[in-house]
Amino acid sequence: MTVLLSEPAPAAGPTAAGPRRPRRDLGVQALIIASIVLVTIGAVVPLVAVLATAFGSDALPRYAEFFTSSVDLTILRNTLVLGFLVGVCGTALGFLFAFVQARLDVPGKKILHVIALMPIVSPPFAVATATVVLYGRRGVISNGLFGIEYDIYGLDGLVFVLSLSLFPVAYLGLLGMLRGLDPALEEAAMNMGATRWQILRTVILPLLAPGLVAPFLLLFVEAIADLANPLVLGGDYTVLASRAYLAVTGEYDTTSAAVYCVILLVPSLAMYFGQRWWLNRKVRTTITGRPSGSVHLVTGWARWPIYGLALLAAAVIVSLYGTVIVGAVTRVFGVDNTFTLDYLKEVVLGVGSEAVLDTLTFAAIATPVAAFFGLVVAWLVVRHLHRTAWLLDLGGTLGVAVPGTVLGIGFVLAYRPDRYIGDFQVFPSLVGGGAIAGGAFAIVLAYVVRSVPAGQRTAVGALTQLHPYIEQASTDLGASPLRTFRWVTLPLIRPALLTGLSYSFARSMTSVSTIVLLVTPETKIITSQVLSAASTGRYGVAFAYCTVLTALVLVAFALIRLVVGAGVSLQRTVTSERQKR
Amino acid sequence: MVWTGVSRRGATWGTALLAAVAVTAAGCARTDGGADVGRDSGVVHVVCGATEDWCAATTKKFTESTGVKADFVRLSSGEALARIKAGKGSTEFDVWYGGPADGYAAAGDEGLLEPYVSPNATVIPAEYRDPAGYWTGVYVGALGFCSNTKLLAEKGIDVPDSWADLLDPKLSKDIGIAHPSTSGTAYTALWTQVTLAGGDQGKALEYMRKLHPNVLQYTKSGSAPGQMTARGEVAVGLIFSHDCVATIEAGFPDLKVSFPSEGTGYETGGVALVKNAKNATSGRKFIDWALTTEAQEIGPSVKAYQFPTNPNAKVSDKVVKLADLTLVKYDAVEAGRAKLALNKRFDVEVAQAPKS
């Protein structure tokens, strides 16, 4: 039932894998327009506003300066090295957890799943702080337990913290894909005498390759755009994002910042197009969307070392989040361990309650919108658009490719003033205290734009694995494309929808860099409160905010799972296992 | 990508998209901003550079005693300035409160502030007021060393009490200081060196270069080194003395504040009216009130131990008395003017240099 297709790149001809281009249906056209409008308003216009600054006449000499300055070139190299290492480590970590989850016969997998999701639910800032507290020079574990004075500031600390904070994207994506793999392929290989290792190397990994590249790309781009961690843990290690931030917040120099950001965009786009080329080179699809046969879980001795590795990583994650929680209810963790509820009280009942409510409301609005558009953009890109697909795909990715601080500034530059043509107001002010809805609209829009790419990437990966014949069968029988999407495609890529929803919510709740520039007196946001508390040394309050935030996101995850369902593949595993007995 | 075969429809889409971008991005932004001035809605929007607690307590007290509503956003001085600059023409804030006056001076130079000399300002000593009337000082805080005595004892070093003590090789990677570009605190330290060198910026940077091998990391926030010292990440933090006192209060009794014998710098926290503020009348009311004893006695109740500029305000016994210290003559206006260029030099000549 499964065919391995090796075909030339579809982009080269009209379409090799799909049908001739059908006349576009009205619903599809409406979706295309909606996606374009969202991408334009949310990402393109702010970016154009920043680019206009970056290529203004006074900015041009800065480029020559950049490429002759050894200091600036070191910063560029630092950025690329960091992105690469985090991409590799984070993807490996995600694969490790996904493999354990999907293919090993070991106890405690449910708990491991929850642990693997923890890092996306709190601001990276919390992880960095907890890392310093536990594994820093005077860390409770590194120094207190092992007596070493390890200098965590710099590249090693950054890779450690960023890999741990970002890997869940890789994990969720790869898990969905591992479960979508047809076990029949492996059975076939096994019947022909292949060993477990050979199957992993020659069957599973090549099939997962598009899925492995997607998280690598995402982690690379997120790592080089990350701001909070280099500021907390960077030490001597300066990267472009933190340099650009410094230029904005310290030197009031939006021109230099825009220049740094343009230079930061180049590797992001290079990674993006590299990945596209790579994906188009070979097309591997499993023809049935719903895998048949049963998964053979690894039961031999080989599972234990792999399991051990995953447990070690899980222990580190738990220790970090434990610190956040314990830190929220002790006066000063590690120094004065007296129990106190003052910090939590302040957050839940005091000044923080307003921020908690505002953030929850905005995130709840943004999440379904972001997840929906993530899927729709992916679907349009993979199935419906051909020559212009890359444009929409790129547009959708902009929310992640563009560093948050730049997007924030772009929002301010583009949407701060009311827009007039003559005396006719065409566009009201969206940002700031005087804007419509007290600036809330801009915050929700920023949430959506920043969250779309995760769902989109995962869905593109999932759809690439799904052969178009399945959808064609539906349209051939007379269903409209939208109907097909709703009743055929969507159920098949449900894990991607789950990822999209979960990740969008978590990302909205934890977004820092863009939001910091958009908060107004009427809209208070948890993450900006965290930064504020932490930078004035009130770690207890910061930890309390993070604890509340983590709890809220976990509850939301449970709700989303309840509503969307755990995914068809899981049910299938259960039923097929029942059949075995 | 193959461009030759772009379909007619693609071209149409492209044109529509371009038009949309052009309308929204390049369409005229109304920047005169004058239309709204004078319409006062009885609310003050404050961009606040002090700690969250202090901002909250201050705006609340202001509403209680004047009946005028007030809300705030807390932003560091660099961020606040960027926001005010971005909103030029249609400002969202009326008043800027808290944070070193250097930033206010820079904003005044850029034409982002409206000069306002409050009738209440007469009691404030002249050195804490802007001669051009852009800002008025609401508090003063001296720069100091915040030392972790436990750690220093382990290393066998005395608590530093001069700038030269910080250059001790035994303190390698054991000093915390912020980056002057983001932090008013660190810029105060840098400008103090300039003042000590008799205005010679080269000599001041020379000192910072010598200090560089002992610095673990240039943090973003000025008060962060206090936390790092408290946790033992570094032995000495170069911060405002009131931030160190606040950290001790937060539960770190091992910390000790000391001051350099050569003389130390200080910040003057400002308050100013934003240019073209929509609620200018209420904004002026806020500034008038911020200079009263009632406003200036709020600090200690929220662990902010800066020295009040109003000589009649009660001073908490936890506040460092400025009269007991050797202070350099700190010219905030001059410092603000030199800020951008000096920070750039610091970044290139000091912060990015290899440590050895």
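All of these numbers come straight from a predicted model, not from anything done at the bench.

What counts, and where the lines are drawn
- Residues numbered from 1 in each chain as written.
- Chains lettered and ligands numbered in written order.
- Predicted model: local features only at pLDDT ≥ 70, side-chain atom pairs only at ≥ 80, totals over all residues.
- Helix = DSSP H or I, 4+ residues; strand = E, 2+ residues; numbered from the N terminus.
- Buried ≥ 20, exposed ≤ 12 C-beta atoms within 10 Å, placed from the backbone.
- Contact = placed C-beta atoms within 7 Å.
- Axes fitted to C-alpha atoms, helices over the stretch in contact; angles between N-to-C directions.
- Parallel < 35°, antiparallel > 145°, perpendicular 65-115°, else oblique.
- Nonpolar A, V, L, I, M, F, W, Y, C, P; charged D, E, K, R; others polar.
- Core = buried A, V, L, I, M, F, W, Y, C linked by C-beta atoms within 7 Å.
- Domains from an automatic or database assignment.
- Pairing = 2+ DSSP bridges.
- Left-handed = near helix turned anticlockwise from the far one by under 90°.
- pLDDT = per-residue confidence, 0-100.

Student: I'm lost on the overall build of chain B in this one. Help?
Tutor: For chain B, the count of helices and strands is 12 helices and 12 strands. Here chain B, with 356 residues, has 56% of them falling under the buried criterion. Of the contacts formed within chain B by residues at least 6 apart in sequence, a portion of 77% connects residues at least 24 apart.

Student: Can you walk me through the overall build of chain A in this structure?
Tutor: If you tally the helices and strands in chain A, you get 24 helices and 4 strands. The buried share among the 581 residues of chain A stands at 55%. Of all intrachain contacts in chain A linking residues separated by at least 6 positions in sequence, the fraction that spans at least 24 positions is 80%.

Student: I tried to follow the packing of helix 6 (residues 184-196) of chain B against helix 12 (residues 332-351) of chain B on my own but got confused; where do I start?
Tutor: A pair of packed helices is captured by two measures, namely the crossing angle of their axes and the spacing between those axes. All names here are of chain B. Two numbers describe how helix 6 lies on helix 12: the axes approach to 11 Å, and their chain directions differ by 95°. Viewed along their axes, helix 6 and helix 12 adopt a mutual orientation that is roughly perpendicular. For the pair formed by helix 6 and helix 12, the contact residues are Tyr187, Leu190 and Trp191 on the first element and Ala335, Lys339, Leu342, Asn343 and Phe346 on the second. For the contact of helix 6 with helix 12, the residue count by class is 6 nonpolar, 1 polar and 1 charged.

Student: Hey, could you run me through the nonpolar core in this one?
Tutor: One recurring pattern in soluble globular proteins: nonpolar side chains tend to sit buried together. Judged by nonpolar contacts, the single largest core of 293 residues is most densely connected at Cys261 and Tyr545 of chain A together with Val95 of chain B. Per element, the largest residue contribution to this core is 16 residues, and it comes from helix 6 (residues 155-180) of chain A.

Student: Which parts of the structure should I look at to understand unusual backbone geometry?
Tutor: Excluding glycine, residues mostly have negative phi values, and the peptide bonds linking residues are mostly trans. Residue and element names in this part refer to chain B. Phi at Lys173 is positive, roughly 55°, even though this residue is not glycine. For Lys173, the position within the fold is in the loop between helix 5 (149-155) and strand 7 (175-178). Phi is positive for Lys303, which is not a glycine, with a value near 60°. Judged by the 20 C-beta atoms lying within 10 Å of it, Lys303 falls in the buried class.

Student: In this structure, what is going on with the domain arrangement of chain B? I would like to understand it.
Tutor: Residues and elements named next belong to chain B. Entries for chain B in the domain assignment read domain 1 (40-140 + 267-320) and domain 2 (142-266 + 337-351). Computed over C-alpha atoms, the centres of domain 1 and domain 2 are 26 Å apart. Listed by partner, the interface residues are 18 residues for domain 1 and 15 residues for domain 2. Mapped onto the side of domain 1 that touches domain 2, the elements with two or more residues apiece are helix 3 (77-86), strand 4 (95-100) and helix 4 (101-109). Among the elements that make up the side of domain 1 that touches domain 2, the one with the highest residue count is helix 4 (5 residues). A per-class count over the side of domain 1 that touches domain 2 returns 7 nonpolar, 6 polar and 5 charged.

Student: Would you mind going over the environment of Ala247 of chain A with me for this structure?
Tutor: Residue and element names in this part refer to chain A. Among the structural elements, Ala247 can be located in helix 10 (residues 240-249). The class of Ala247 is buried, set by 24 C-beta atoms lying within 10 Å. Taking the C-alpha atoms as reference, Ala247 lies 5.4 Å from Ala257; in sequence the two are 10 residues apart. Residues in contact with Ala247, not counting those within four places in the same chain, are Asp253, Ser256, Ala257 and Tyr260.

Student: What is the right way to look at the pairing of strand 6 (residues 135-148) of chain B in this model?
Tutor: All names here are of chain B. Extensive coverage of strand 6 is indicated by the burial of 14 of its 14 residues. Note: strand 6 against strand 11 (residues 266-274), 7 bridges, orientation antiparallel. By the bridge assignment, Gly137 is partnered in strand 11 with Gly270. As paired elements, strand 6 and strand 12 (residues 307-308) share 2 bridges and run antiparallel to each other. Directly across from Val140, in strand 12, lies its bridge partner Phe307. Where strand 6 lies against strand 9 (residues 236-240), 5 bridges are found, and the strand directions are antiparallel. Within the sheet, the bridge partner assigned to Ser147 lies in strand 9 and is Val236. In terms of strand pairing, strand 6 meets strand 10 (residues 255-258) through 4 bridges, oriented antiparallel. The residue bridging Phe145 from the neighbouring strand is Ser258, located in strand 10.

Student: Would you explain the packing of helix 7 (residues 201-211) of chain B against helix 12 of chain B in this entry?
Tutor: Residue and element names in this part refer to chain B. At their nearest, the axes of helix 7 and helix 12 sit 10 Å apart, and the two run at 40° to each other. Classified by the angle between their axes, helix 7 and helix 12 sit oblique to one another. Between helix 7 and helix 12 lies a crossing whose hand is right-handed. On helix 12, the residues that touch Gln201, Leu205, Met208 and Arg209 of helix 7 are Leu342, Arg345, Phe346, Glu349 and Val350. Residue composition of the contact of helix 7 with helix 12, grouped by class: 5 nonpolar, 1 polar and 3 charged.

Student: Just to check I follow, could you spell out the environment of Val86 of chain A for this structure?
Tutor: All names here are of chain A. Residue position: Val86 is located in helix 3 (residues 70-103). For Val86, a count of 28 C-beta atoms within 10 Å corresponds to the buried category. Put simply, Val86 and Val221 are 135 residues apart on the chain and 9.6 Å apart in space, counted from C-alpha to C-alpha. Not counting the four nearest positions on each side in its chain, Val86 is found in contact with Val159, Leu162, Ser163, Leu166, Leu219, Phe220 and Ala223.

Student: Would you mind going over the pairing of strand 4 of chain B with me for this structure?
Tutor: Sheet faces and side chains relate simply in a regular strand, where the side chains alternate between the two faces. All names here are of chain B. Most of strand 4 sits inside the fold, with 6 of its 6 residues counted as buried. Pairing geometry for strand 2 (residues 43-48) and strand 4, over 3 bridges, is parallel. Within the sheet, the bridge partner assigned to Val47 lies in strand 4 and is Trp96. Judged from the 4 bridges that link them, strand 4 and strand 11 form a sheet pairing that is antiparallel. By the bridge assignment for strand 11, Val95 is matched with Leu273.

Student: For this particular structure, what's the right way to read the confidence of the model for chain A?
Tutor: Detailed reading of the predicted model is not advised wherever pLDDT is low. Residue and element names in this part refer to chain A. For chain A, the mean per-residue pLDDT works out to 77, and 82% of the residues sit at or above 70. Within chain A, no element has a lower average pLDDT than helix 24 (residues 568-580), which sits at 39, and none a higher one than helix 3, at 90. In the predicted structure, residues 1-21 sits below a pLDDT of 50 and forms 39 contacts with residues beyond four places in sequence or in another chain. For the stretch residues 567-581, pLDDT sits under 50, and the model shows 14 contacts to residues farther than four places along the chain or on other chains.

Student: What exactly am I supposed to notice about the confidence of the model for chain B here?
Tutor: Residues and elements named next belong to chain B. Chain-level pLDDT for chain B is 84 on average; 88% of the residues reach the 70-or-more range. Note on residues 1-8: pLDDT under 50 across the span, and 4 contacts to partners over four residues away in sequence or across chains. Reported confidences for the modelled complex are a pTM of 0.74 and an ipTM of 0.71.

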